[in-house]
Amino acid sequence: MLELRPNCECCDKDLPPEAMDALICTFECTFCADCVANVLAGACPNCGGNFSMRPIRPAAMLMKYPASTKRVFKAEGCGPARDAA
Ligand SMILES: [Zn+2]
Ligand SMILES: [Zn+2]
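Residues numbered from 1 in each chain as written. Chains lettered and ligands numbered in written order. Predicted model: local features only at pLDDT ≥ 70, side-chain atom pairs only at ≥ 80, totals over all residues. Heavy atoms only, no water.

> Kindly report on the coordination of the zinc ion (ligand 1), identifying the contributing residues and their values.
Four donors placed tetrahedrally around a metal ideally meet at 109.5 degrees, and six donors placed octahedrally ideally meet at 90 or 180 degrees. Each protein donor to the zinc ion (ligand 1) is listed here as C8 (SG), C11 (SG), C32 (SG) and C35 (SG); together their distances run 2.3 to 2.4 Å. The site at the zinc ion (ligand 1) holds four donor atoms, and with the angles between them running 102 to 117°, its shape is tetrahedral. Written as a sequence motif, the donor arrangement for the zinc ion (ligand 1) is C-x2-C-x20-C-x2-C. Here C8, found in the segment before strand 1 (22–24), pairs with C32, found in strand 2 (residues 30–32); they are 24 residues apart in sequence, far enough to count as distant. C32 matches C8 in its accessibility class, with the two residues each being buried. (Donors = N, O, S within 2.8 Å, 3.2 Å for Na, K, Ca; no water. Tetrahedral: all angles 85-135°; square planar, octahedral: opposite > 155°, others 65-115°. Helix = DSSP H or I, 4+ residues; strand = E, 2+ residues; numbered from the N terminus. Buried < 20%, exposed > 50% of the residue type's maximum accessible area, 1.4 Å probe, protein only.)

In structure tokens:
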């Protein structure tokens with residue numbers, strides 16, 4: 001099940017479960033649409049993968065399966081995926 005993380009890992013913008021501009025990678029690294037387009041160039045800086053729009057969990061399901069409240073934020077900043085070398 002998706003964690004539905006509460007914020008963008010890059011700019012710390014709030015991304016509530018109903019946010020239409022929340023994007024996730026296959027590991028559920030979570031970013032806002034602005035960062036994905038303007039900062040990350042469409043690739044996850046953590047794993048190098050691509051993003052999909054995060055599906056909206058219906059309200060009734062959110063009651064039963066609440067979204068994560070644990071914020072994940074890269075304090076050191078983020079940027080396009082870089083080669084390890
Ligand atoms: Zn962002
Ligand atoms: Zn990732």
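Continuing now.
> Can you lay out the packing of aromatic side chains for me, pointing to particular residues and giving the numbers?
Under the definition given, this model contains one aromatic pair. Where F31 meets F51, the ring centres are 5.5 Å apart and the plane angle is 80°; that geometry is what we call edge-to-face. One end of the pair, F31, is in strand 2; the other, F51, is in the loop between helix 1 (33–38) and strand 3 (52–53), and 20 residues separate them in sequence. Accessibility expressed as a relative area gives 13% for F51, which makes it buried. (Phe/Tyr/Trp six-rings, centres within 6.5 Å; stacked < 30°, edge-to-face > 60°.)

> Summarise the coordination of the zinc ion (ligand 2); cite the residues concerned and give the values.
Coordination sphere of the zinc ion (ligand 2), protein contribution only: C25 (SG), C29 (SG), C44 (SG) and C47 (SG), at 2.3 to 2.6 Å. One way to put it: the four donor atoms around the zinc ion (ligand 2) meet at angles of 86 to 154°, and that makes the site irregular.

> Break down the nonpolar core for me, with residues and values.
Judged by nonpolar contacts, the single largest core of 16 residues is most densely connected at C8, F31 and F51. Those elements giving two or more residues to this core turn out to be strand 1, strand 2 and helix 1. Excluding residues that lie within four positions of it along the chain, F51 makes contacts with L23, I24, C25, C29, F31, V36, L40, G42, A43, C44 and P45. (Core = buried A, V, L, I, M, F, W, Y, C linked by side-chain atoms within 4.5 Å. Contact = heavy atoms within 4.5 Å.)

Limitation: the analysis is restricted to geometry and does not speak to function.
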